[in-house]
Amino acid sequence: MINVNSKTLLEVRDLHATVGGAEILKGVDLTVKSGEIHAIMGLNGSGKSTLAKVLAGHPSYEVTRGTLLFDGHDLSALAPEDRARAGVFLAFQYPVEIPGVANNQFLRLAYNTVRGQRGEEELDPLEFDDFVREKMKLLKMNPDFLDRSVNEGFSGGEKKRNEILQMALLEPRLALLDETDSGLDIDALRIVANGVNQLSNKDNALILVTHYQRLLDYIVPDYVHVMEAGRIIRTSGKELALALEKHGYDWIHADDQMTEARP
Amino acid sequence: MSTAIWDDYLEKLIESWKKETQPFRTVSYLNRLRTNALNRVESLRLPTIRDEEWRFTDISSLRNTPFPRASTISLLSLDSQKNTFLNEPVCRLVFVDGQYIPELSSLVDDDSVTVCRLSGLANTCASKAERHLGQLADFQDSVFVALNTALMHDGVCIVIPANVSATIPVHVLYVTSGKEEVAAYPRCLLVAESGAEVTIVEEYVALREGASLTNAVTEIYIGESARVNHIRVQREAPQAFHIANNATFVAKAARYDSVSFAFGARISRFDQKITLAGEGAECQIDGLALIAGRQLADTHTFIDHANPHCGSRQLHKCIVDESAHGVFSGKIMVRPHSQQTDAKQLNHNLLLSEKARMDTKPQLEIFADDVKCAHGATVGQLDKESLFYLQSRGLAEEAARNLLTYAFGGEIINRVVVASLRQRLEEYILARTRIS
Ligand SMILES: Nc1ncnc2c1ncn2[C@@H]1O[C@H](COP(=O)(O)OP(=O)(O)O)[C@@H](O)[C@H]1O
Ligand SMILES: [Mg+2]
């Protein structure tokens, strides 16, 4: 929901970033205010996940130019854990499997460090168990996933649900969901989208990286951006996604007259 | 030249021991065994890094300290919370500085476990001890086994009678008192007769820090269709030398499961030999070394597939931090007629610092053609993507590292069947990983 008076959560200006010596982000500009939902689309390899990882602070990615402000503070100076504690959350395109670490142990550690940082009370294993089971109901997740190792042997869809479960536990102010819809069947998509909508409010913001309109049918974006070769080359309202679905990305270049909703 | 020095070292050692060691009064075969071993010691020398099997493990500093045997063995009071990881009811045999101390031991009341001392064998035990003692751990080629056998002062023989399941675990606790810089040569023989079942926990602890030498030999005979579950925990003092030889004989259709932990000692060397000696015999031997500082932990295993239709599984892991050095050498031998052998060995190693070092040498020697054998070894650091994932969920980098390190070792700890021990091991490794 767009509200001109709400405060700016994320401000990305002329962001350049490299990985392994290659420049992938070549001047990204993006402003996200609280209450807003943004969608980022774009061809494979255009730099969407790179932007996500730079936001979350992956050590292999280096910001070489530009600014990255979260709530007015320079994010690029913070360690990944401090970004998480400040309220930045990345739902991974490829969630990592961690054999030997029980999911419930991991979720409780994450909850206690992030929420504890905000002055909330830490939960002991029993209290947490009740709490997490409630959150799992929201996503129609089987509680058996608590006892398994983090993401190990989970199907693609199960991993994505586990990501959104973490989002539900950590209640971030800014969440970037990197292709969370890929690998979800239609029922799962509806459940996950429903869960995300319930977490969305006027004080937080959402960035959805997706290839498909079907997600945006459930989670309706205020802005749709198109990324290409490390830059956001087009920004418009939700109708842009429909047009892209209909005409493909080439159409953007054919239609250079298109007006931008926000420069 | 070096040979002369080593001979000299052994000679002095033997001389000083000859003076004080009393012959076994009652059992002549033990005296024969010791004499044979003593004769053998005289033609052996301490290994150096020029010996293939000791390439990575330099024990030359051993000769800097004479390590006499403890002059007096005092009755210690053991704090069961601090001094052992096993608090549940067990049949407990306690050694202090290498000597078996009946006063500190607590045996079971029922007939499922029979324990006797080597120095005073009861008749039923004597024949079993005579048949197996010194037969499984071969002293011909190992100077340490020969020394242990020659200098064997006393020890225990544990027998689980045929078709009996021991009602509680047997716990052999080896305590280094740390009062003086002494040597311990403890000896233990376990005989599980056909169809018997037992869980044995072998634990080495130090009451205080300080240099000491342990040269232990454990022999395990597993009769037909019998099962032995063996857990070994080595937590010697950080300055200690720990040298141990375990030899296990697994008869037809019998099974041996073993999990070994190397946590302590400045230099530790563990030689484990398993002979799959009858058709259908199986073993699973797993291990975890967790070392830091300037520790060296060397594990040498040898699984001898001496018969057809035998299976072996092995997973050995090392977590090496700071300037520590891990060594693993795992040999699997498949003899010519041992068809239908199924052997699998894995060795995974985690280096936590730039200076940490790991040498691994898996070896398959296969002389039969119809076999299924696989092995593999990896040496690596903590996975960067896993670290980032945990950090992105708010865990501090150090906490994330500790959690991943713990998880790496947890796989081995999960194989411990004694619940209370498993929990103590978990706590221990959590505490250790938090420090490092
Ligand atoms: N570690 C890396 N080293 C070099 N190039 C990389 C690395 N990771 C990603 N890239 C490249 O960066 C580009 C953008 O990738 P990515 O951000 O994953 O795209 P998207 O998510 O939009 O599909 C791709 O060309 C990819 O090959
Ligand atoms: Mg991507």
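Every residue gets a number counted from 1 within its own chain, in the order that chain's sequence is written. Written order decides the labels, with chains lettered from A and ligands numbered from 1. In keeping with the predicted nature of the model, local features appear solely for residues at pLDDT of at least 70, side-chain atom pairs appear and are counted solely at 80 or more, and the whole-chain, interface and lining totals rest on all residues. As a convention, hydrogens and water are excluded, and side-chain values are obtained from all of the structure's heavy atoms.

An account of helix H4 (residues 143-150) of chain B is needed here, citing residue identities and associated values.
Accessible area is worked out with a 1.4 Å probe on protein chains only. A residue is then buried under 20% of its type maximum, exposed over 50%, and partly exposed in between. Only DSSP runs of H or I with at least four residues qualify as helices, and only runs of E with at least two residues qualify as strands; both kinds are numbered from the N terminus onward. Of all eight residues that make up H4(B), eight are buried, and the element is covered over most of its length. Taken as a whole, H4(B) has its buried residues at B:Val143, B:Phe144, B:Val145, B:Ala146, B:Leu147, B:Asn148, B:Thr149 and B:Ala150.

Lay out the domain arrangement of chain B in plain terms, naming residues and giving numbers.
Residues and elements named next belong to chain B. Note that the domain bounds were set by an automatic or database domain assignment. With domains assigned, chain B is organised as domain 1 (8-278) and domain 2 (385-436). Centre-to-centre separation of domain 1 and domain 2, based on C-alpha positions: 31 Å. In what follows, residue pairs with any heavy atoms lying within 4.5 Å of each other are defined as contacts. With 14 residues of domain 1 in contact, the opposing surface of domain 2 contributes twelve residues. The buried area of a pairing is the accessible area, by a 1.4 Å probe, that goes missing from both parts when the two are put together, added over both. Summed over both sides, the interface between domain 1 and domain 2 buries roughly 1200 Å², with carbon and sulfur atoms accounting for 72% of that surface. When the buried surface of domain 1 facing domain 2 is broken down by residue, Phe85, Phe261 and Phe263 rank first, second and third, together holding 46% of it. Every case where a carboxyl oxygen of Asp or Glu lies within 4 Å of a side-chain nitrogen of Lys or Arg is listed as a salt bridge. Linking domain 1 to domain 2 there are zero salt bridges. Polar contact is the term for a pair of N or O atoms within 3.5 Å; when the atoms are in protein, one must be able to donate a hydrogen and the other to accept it, and sequence-neighboring residues count only if both atoms are side-chain atoms. Our enumeration of links across domain 1 and domain 2 arrives at three residue pairs in polar contact (both at pLDDT 80 or more).

Residues and numbers for the sheet that holds strand S12 (residues 231-236) of chain A, please.
All names here are of chain A. What the six strands build is an open sheet, ordered S6-S9-S10-S3-S11-S12; its pairing is mixed. Two strands in the sheet have a free side with no partner beyond their single neighbour: strand S6 (88-91) and S12. Neighbour-to-neighbour, the strand axes of this sheet turn through a mean angle of 20°, independent of strand direction. At least two DSSP bridges between two strands are required for those strands to pair. As judged from the four bridges shared by strand S3 (residues 37-41) and strand S10 (residues 205-209), these two strands associate in the parallel manner. Angular values range over 0 to 180 degrees, each being the angle between N-to-C directions of two axes fitted as lines to C-alpha atoms, with helices fitted over their stretch in contact.

An account of the interface of chain A and chain B is requested, with residue identities and associated values reported.
The partner chain B presents 17 residues to the 31 residues of chain A that form the contact. Buried surface at the junction of chain A and chain B, both sides included, amounts to about 1900 Å², of which 67% is carbon and sulfur. At the junction of chain A and chain B, the tally comes to one salt bridge. Two residues, B:Arg393 and A:Glu163, come together in a salt bridge whose shortest N-O distance is 2.7 Å. Scanning the region where chain A abuts chain B turns up ten residue pairs in polar contact (both at pLDDT 80 or more). Mapped by element, the contributors of at least two residues to the side of chain A that touches chain B are helix H1 (48-56), helix H2 (80-86), S6, strand S7 (98-102), helix H3 (103-117) and helix H5 (156-170) of chain A. In terms of residues, the side of chain A that touches chain B owes the most to one element, H3(A), which gives six residues. Three residue categories are used. Nonpolar comprises Ala, Val, Leu, Ile, Met, Phe, Trp, Tyr, Cys and Pro, charged comprises Asp, Glu, Lys and Arg, and polar comprises the others, including Gly. Its residues placed into classes, the side of chain A that touches chain B shows 19 nonpolar, seven polar and five charged.

Got a sec to walk through the environment of B:Thr65? Specific residues and values, please.
Residue and element names in this part refer to chain B. Along the polypeptide, threonine 65 turns up in the loop between helix H2 (28-42) and strand S1 (91-96). With 114 residues separating them along the chain, threonine 65 and lysine 179 place their C-alpha atoms 15 Å apart. Among residues more than four places away in sequence, those in contact with threonine 65 are Tyr9 and Glu181.

Describe in detail the nonpolar core, supporting the description with residues and values.
Counting residues in hydrophobic clusters, the biggest one holds 115 residues, and the most contacted among them are A:Leu10, A:Met167, A:Leu177, A:Leu206, B:Phe261, B:Leu421 and B:Leu425. Structurally, this core is a two-domain feature, drawing no fewer than three residues from each of domain 1 (8-278) and domain 2 (385-436) of chain B. Here the nonpolar core consists of buried residues drawn from Ala, Val, Leu, Ile, Met, Phe, Trp, Tyr and Cys, with membership extended through side-chain atoms lying within 4.5 Å. B:Leu136, B:Leu213, B:Phe241 and B:Ile267 belong to the second largest nonpolar core, which has 48 residues in total.

With reference to specific residues and values, describe the site of ligand 1.
Residues and elements named next belong to chain A. Only heavy atoms are used to decide nearness, and a residue is near a molecule or strand if one of them lies within 4 Å of it. The environment of ligand 1 is made up of Val19, Ile24, Leu43, Asn44, Gly45, Ser46, Gly47, Lys48, Ser49, Thr50 and Tyr61. In the environment of ligand 1, an oxygen atom lies 2.7 Å from a nitrogen or oxygen atom belonging to the backbone of glycine 45. Within the side chain of threonine 50, a nitrogen or oxygen atom sits 2.5 Å from an oxygen atom of ligand 1. The element that contributes the greatest number of residues to the shell around ligand 1 is H1, accounting for three residues. In terms of residue class, the shell around ligand 1 is made up of four nonpolar, six polar and one charged.

Can you explain the pairing of strand S4 (residues 61-70) of chain A? Please cite residues and give values.
Residues and elements named next belong to chain A. Two elements, strand S1 (residues 8-19) and S4, share eight bridges in a ladder whose sense is antiparallel. The residue bridging histidine 16 from the neighbouring strand is arginine 65, located in S4. Note: S4 against strand S5 (residues 73-74), two bridges, orientation antiparallel. The partner of leucine 69 across the bridge, within S5, is aspartate 74.

Tell me what's going on with the coordination of the magnesium ion (ligand 2), and back it up with residues and numbers.
Residue and element names in this part refer to chain A. Of the protein atoms, only Ser49 (OG) and Gln93 (OE1) coordinate the magnesium ion (ligand 2), at distances of 2.1 to 2.2 Å. Separated by 44 residues along the polypeptide, serine 49 in helix H1 and glutamine 93 in the loop between S6 and S7 bring together distant segments of the chain. Residue glutamine 93 is classed as buried on the basis of its relative accessible area of 18%. Any N, O or S atom lying within 2.8 Å of the metal counts as a donor, and for Na, K and Ca the limit rises to 3.2 Å; water is left out, so some sites can look incomplete.

Tell me about the pattern of salt bridges, and name the residues and values.
Pairing between side chains becomes possible if they bear opposite charge and their charged atoms approach one another. All names here are of chain A. In this structure the tally under the stated criterion is 37 salt bridges over all chains. Measuring nitrogen to oxygen at the nearest pair gives 3.0 Å for the salt bridge that ties lysine 137 to glutamate 134. You can see lysine 137 and its partner glutamate 134 sitting in helix H4 (residues 125-138), three residues apart, about one turn around the helix. Its relative accessible area of 48% is what places glutamate 134 among the partly exposed residues.

Residue-level account of the side chain of B:Glu203, with values.
All names here are of chain B. Along the chain, glutamate 203 turns up in strand S8 (residues 197-206). Look at glutamate 203 and you get buried, because its relative accessible area is 1%. Polar side-chain contacts of glutamate 203 include one of 2.8 Å to the side chain of threonine 84. At 2.9 Å, the side chain of glutamate 203 and the side chain of histidine 171 are in polar contact. Beyond its immediate chain neighbours, meaning those up to four positions away, glutamate 203 contacts Asn83, Thr84, Phe85, Leu86, His171, Val172, Leu173, Tyr174, Val233 and Arg235.

Describe in detail the packing of helix H5 (residues 384-391) of chain B against helix H6 (residues 397-413) of chain B, supporting the description with residues and values.
Residues and elements named next belong to chain B. Their axes nearest at 9 Å, the elements H5 and H6 cross at an angle of 125°. When the interaxial angle is binned, H5 and H6 end up oblique. Note that H5 runs across H6; the crossing there is right-handed. Where H5 approaches H6, its residues Ser386, Leu387, Leu390 and Gln391 are matched on the opposing element by Glu397, Ala400, Arg401, Leu403 and Leu404. Per-class residue counts for the contact of H5 with H6 are five nonpolar, two polar and two charged. For classification purposes, an angle smaller than 35 degrees is called roughly parallel, one larger than 145 roughly antiparallel, one from 65 to 115 roughly perpendicular, and anything else oblique. Crossings are classed by handedness, with left-handed meaning an anticlockwise turn of the near helix from the far one by less than a right angle and right-handed meaning a clockwise turn.

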